[in-house]
Amino acid sequence: MKINKEVKDMDENIFSINKGIDNEFIFSIKKNYEILPLTLDDSDTFEIRIIRLSTRDVVSIINQVENDDGVIEFFDKPNGQILVKLKALMTSELESEFGDRADRYYSKPMYEILVIGNSLLDGAIQFRIPEVYVS
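Residues numbered from 1 in each chain as written. Predicted model: local features only at pLDDT ≥ 70, side-chain atom pairs only at ≥ 80, totals over all residues. Heavy atoms only, no water.

Some details on the side chain of Ser 119
Spelled out, the test is: Secondary structure follows DSSP: runs of H or I at least 4 residues long count as helices, runs of E at least 2 residues long count as strands, and numbering of each begins at the N terminus. Partly exposed residues are those whose accessible area sits between 20% and 50% of the maximum for their type, while under 20% is buried and over 50% is exposed, using a 1.4 Å probe and protein chains only. Two N or O atoms form a polar contact when they lie within 3.5 Å of each other; inside protein one atom must be a possible hydrogen donor and the other a possible acceptor, and for residues adjacent in sequence the pair counts only when both atoms belong to side chains. Residue contacts follow a heavy-atom distance rule, with two residues in contact if any of their heavy atoms lie within 4.5 Å.
Within the secondary structure, Ser 119 sits in strand S9 (residues 111-119). Classification of Ser 119 by relative accessible area gives buried; the value is 4%. A polar contact is formed between the side chain of Ser 119 and the backbone nitrogen of Leu 121, at a distance of 3.2 Å. If near-sequence neighbours (up to four positions away) are discounted, Ser 119 is found in contact with Leu 38, Asp 44 and Ile 125.

Rendered as structure tokens:
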């Protein structure tokens, strides 16, 4: 399996899910070992796993079949973009944790996101967001 990329820095460097509301995220899928977008095909499949860091338990699996937690849709196929929708019911159940008052109540990462895909043009795709915050 080829590893596509690892998404790290966002705050720019923080990836955060807003608790208790619907969330939407657009991911740009790149060609393996390139910076160019991967043109997506209707037969391409994607799955997102939200994993609790403390236990490594998978708390949610979201794919292109809508369920109570959310759905993945194609957003812009020529530019390799998928839209991930997380539903409020699921995000309200996510845990959040904050640091001490002396440290200005900074948010602590509680989850990791693993994106697994299969592309007609590029084969297996996998990347992760190693630190996901819930606010």
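That covers the picture; the talk isn't over yet.
Quick look at the pairing of strand S5 (residues 70-76)
Across a regular strand the side chains alternate sides, sitting on one face of the sheet and then on the other. Put simply, the rule reads: A pair of strands is considered paired only if DSSP assigns at least 2 bridges between the two.
Two elements, S5 and strand S6 (residues 81-86), share six bridges in a ladder whose sense is antiparallel. Note that in S6 the partner of Ile 72 across the bridge is Val 84. Counting the residues in the hairpin turn of S5 and S6 gives four residues, including Gly 80, whose phi is positive at 65°.

Thoughts on the sheet that holds S9
Keep this limit in mind: In this analysis an axis means a line fitted to C-alpha atoms, helices contributing only their contacting stretch, and an angle means the value between N-to-C directions, from 0 to 180 degrees.
Taken in spatial order, the five strands of this open sheet run S1-S10-S9-S3-S4, and their pairing is mixed. Edge strands, defined here as strands with exactly one partner in the open sheet, are strand S1 (15-17) and strand S4 (58-63). The mean angle between the axes of side-by-side strands here comes to 30°, regardless of whether they run parallel or antiparallel. Sheet topology places S9 next to strand S10 (residues 123-134); eight bridges connect them, and they run antiparallel. Paired with Val 115 across the strands is Phe 127, a residue of S10.

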